[in-house]
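Residue-level structural notes
Okay, here's what each chain looks like letter by letter:
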Amino acid sequence: MKVIAACHVTEVELIALETKVSDSINSKKKPRQAEKIKSEKVTLNKRNVAIYTNLRKDVSEAAYWEKGNSVSTNSYTINEVFEPSSLSNVVSLNIYDKNLNTHSFSGTQSFMYGLNFTSENNVNTKRELVGFEYRFKRADTLKFGYSARARLERDNSGQTYYQLGIGAKLKGEKGFNLLRLDYFPVRSGPGHILEIYRTQLANYNEFQLTKFIKQIASVEANYYTDRQADFIFSTRTEYVLAESRMFRVAPILEGAYGLGSTNRRDAYPYWMAAKRVYGGGGLALRIGSETGAFQMIADAAVFGEVNQLGFERYTGNLLYRIKNFSTLNAGFEVYTIDNFYSNVFQFGMVYSFK
């Protein structure tokens with residue numbers, strides 16, 4: 001299963017606002033220019049007052065986003081077509097320390113559903129869970145960042161489950177690299193009842209090869225406590241056909257190769273393919289500005305798979321800033337593969353406060 005994380009609402013807007021703060025700080029490091037401005041006679045007219053007021057507002061909002069705490073909600077569901085296999089709701093209090101690291105304290109509620117699986121096996125019922133999660137994330141302004149999380153949950157039958165995760169991110173001038181290691185129960189009713197845990201190692205790499213070409217490569221490996229394992233390697237190339245501040249369109253080419261220790265395309269108690277080779281292409285689209293109130297990123301692609309029927313995939317992320325410190329975000333990832341249990345729908349909200 002592949003899960004969409006929350007949209008890059010905070011990251012996208014913080015980068016823009018951090019640039020404003022950086023520019024204002026750098027301007028203070030030019031004493032000669034400051035003396036020149038000071039010696040000039042400035043007439044306070046309506047235009048100067050308006051410019052000064054807007055500058056103060058920009059700097060104030062930047063500081064607010066960098067140092068202000070926030071409350072956020074995030075809900076996502078994993079489905080086979082539109083039939084859910086799991087639903088998760090998270091409400092978080094996010095607190096920044098003096099180094100701009102984030103500490104998140106969350107309450108969680110989850111529903112793990114039975115699967116559309118025809119069998120005499122009766123280990124296929126629903127589980128309801130509530131729990132608590134703590135997350136730590138190093139400041140986004142740094143080139144090297146890392147994060148960690150821990151979650152403890154209890155279901156309606158009295159069984160206790162836990163999750164652990166660590167991650168690292170390295171940002172460069174022409175790309176970035178992500179590495180994550182997570183340990184969690186299989187996200188379905190049978191997965192929780194049978195107490196099957198999944199260890200997942202994921203590596204994502206993005207490179208801006210030229211002004212128009214971006215290359216993405218990722219590897220994901222999984223080990224399950226019922227002694228099964230799989231991995232998949234995928235690659236994606238984007239070519240920017242047209243781009244402006246408010247619009248971008250880019251054709252994409254993708255391919256993937258995967259191996260698994262068994263074939264569980266019926267998805268019980270989780271989905272796995274003994275072998276996968278597929279490739280295809282499509283179109284990626286961005287509407288809206290990264291620093292504006294609205295932005296949508298979406299793509300659609302068609303794939304052919306060896307010894308299987310072809311399939312389609314549709315993904316998208318949407319963010320909308322209602323006011324200066326309130327943002328809505330949503331995402332989806334839909335495949336037309338039967339019993340794939342990787343169709344994801346996500347919705348979240350962030351409200352920042354002092």
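Bear in mind the structure is a predicted one, so any value in this text is a computation, not a measurement. (Residues numbered from 1 in each chain as written. Predicted model: local features only at pLDDT ≥ 70, side-chain atom pairs only at ≥ 80, totals over all residues. Heavy atoms only, no water.)

A word on the overall build of the chain
We count it as follows: Strands are runs of DSSP state E lasting at least two residues, helices are runs of H or I lasting at least four, and both sets are numbered from the N terminus onward. Buried residues are those whose accessible area, probed at 1.4 Å on protein chains only, stays under 20% of the maximum for their type, while exposed residues exceed 50% and partly exposed ones sit between those limits. In what follows, a contact means two residues having at least one pair of non-hydrogen atoms within 4.5 Å. Per-residue and other accessible areas were derived by the Shrake-Rupley procedure at a 1.4 Å probe size, with only the shown protein chains allowed to occlude residues.
From N to C terminus, the chain includes four helices and 17 strands. Put simply, the chain has 354 residues, and 39% of those count as buried. Contacts in the chain between residues far apart in sequence, at least 24 positions, make up 50% of those at least 6 positions apart. Of the roughly 20,000 Å² of accessible surface on the chain, a fraction of 59% belongs to carbon and sulfur atoms.

Here we look at a nonpolar patch on the surface
Basically, it comes down to this: Only residues whose relative accessible area exceeds 30% and that form no salt bridge are eligible for patches; like-charged ones are grouped when within 9 Å, while nonpolar side chains (Val, Leu, Ile, Met, Phe, Trp, Tyr) are grouped when within 5 Å. Basic side-chain nitrogens of Lys or Arg form a salt bridge, by our definition, when they fall within 4 Å of a carboxyl oxygen of Asp or Glu.
Judged by side-chain polarity, M246, F247, I287, F294, L318, Y320, I322 and M349 come together as a nonpolar surface patch covering roughly 650 Å² of accessible area. The element best represented in the nonpolar patch is strand β15 (residues 311-323), accounting for three residues. When you line up the elements, F294 lands in strand β14 (residues 294-305). Owing to a relative accessible area of 36%, F294 belongs among the partly exposed residues under this scheme.

Describing the pairing of β14
Inclusion rule: In short, DSSP must find at least two bridges between two strands for them to pair.
Note: strand β13 (residues 275-288) against β14, 11 bridges, orientation antiparallel. The partner of G280 across the bridge, within β14, is F303. Remark: five residues form the turn of the hairpin made by β13 and β14, two consecutive strands paired antiparallel.

A short note on the packing of aromatic side chains
Counted only if it meets this: Stacked, edge-to-face and tilted are the three classes for Phe, Tyr and Trp ring pairs, Trp counted by its six-membered ring, which pair at centre distances within 6.5 Å; planes under 30 degrees apart are stacked, over 60 edge-to-face, the rest tilted. By the criterion adopted, a ring carries a charge over it if an Arg CZ or a Lys NZ lies within 6 Å of its centre and within 35 degrees of its normal.
Following the criterion strictly, the structure yields 18 aromatic pairs and no others. Between the aromatic rings of F82 and F345, the centroid separation amounts to 6.0 Å while the plane-to-plane angle is 25°, which identifies the pairing as stacked. In this pair, F82 is assigned in the loop between β1 (69-80) and β2 (83-96) and F345 in strand β17 (residues 343-353), connecting sequence segments 263 residues apart. Exposure remark for F82: the relative accessible area of 64% places this residue in the exposed category. On the accessibility criterion, F345 (28% relative accessible area) is partly exposed. In this structure an aromatic cluster arises from ring pairing among W271, Y278, F303, F311, Y335 and F340. Geometry around F184 places R187 over its ring, the cationic atom sitting 4.1 Å from the centre.

A closer look at the side chain of H192
Worth spelling out the cut-off: Any pair of nitrogen or oxygen atoms within 3.5 Å is treated as a polar contact; in protein, a donor-acceptor pairing is required on top of that, and neighbouring residues in sequence qualify only through side-chain atoms on both sides.
Within the secondary structure layout, H192 lies in helix α4 (residues 189-193). Of the polar contacts made by the side chain of H192, one reaches the backbone oxygen of V186; its length is 3.0 Å. Here H192 is in contact with M112, L129, Y161, P185, V186 and R187, once residues within four sequence places are set aside.

Here we look at the pattern of salt bridges
A complete count under the given rule lists 20 salt bridges for this structure. The residue E238 makes a salt bridge to K214 at a minimum N-O spacing of 3.7 Å. Within this pair, whereas E238 is found in strand β10 (residues 228-239), its partner K214 is found in strand β9 (residues 213-224), the two being separated by 24 residues in sequence. On the basis of relative accessibility, which here comes to 15%, the residue K214 falls in the buried class. In this structure, E254 and R313 form a salt bridge, with 2.6 Å as the shortest nitrogen-oxygen distance.

Observations concerning the environment of K169
Note that K169 resides in strand β6 (residues 160-172). A C-alpha to C-alpha distance of 9.5 Å links K169 and Y204, two positions 35 residues apart in sequence.

With respect to the confidence of the model for the chain
Let me state the cut-off plainly: pLDDT gives the predictor's per-residue confidence on a scale running from 0 to 100.
When pLDDT is averaged across the chain, the result is 83; 79% of the residues are at 70 or more. Within the model, the stretch residues 1-40 combines pLDDT values under 50 with 56 contacts to residues more than four positions away or in other chains.

Regarding the pairing of strand β16 (residues 326-335)
Burial runs high along β16: seven of the 10 residues are buried. Bridge count for β15 against β16 is 10 bridges, and the pairing is antiparallel. Paired with T315 across the bridge in β16 is E333. Here β15 hands over to β16 after two residues, the two strands then running antiparallel side by side. In this structure, β16 lies alongside β17, joined through eight bridges in antiparallel fashion. If you follow A330 over to β17, its bridge partner there is F347.

Thoughts on unusual backbone geometry
The step from Y268 to P269 runs through a cis peptide bond, and the omega angle for that step is -5°. Mapping P269 onto the fold places it in the loop between β12 (247-260) and β13. Even without glycine at this site, R227 takes up a positive phi of about 70°. Inspection of the secondary structure puts R227 in the loop between β9 and β10. Among the residues examined, R227 registers a relative accessible area of 72% and is labelled exposed. Of note in this structure, A267 is not a glycine but carries a positive phi near 75°. As for its placement among the helices and strands, A267 is situated in the loop between β12 and β13.

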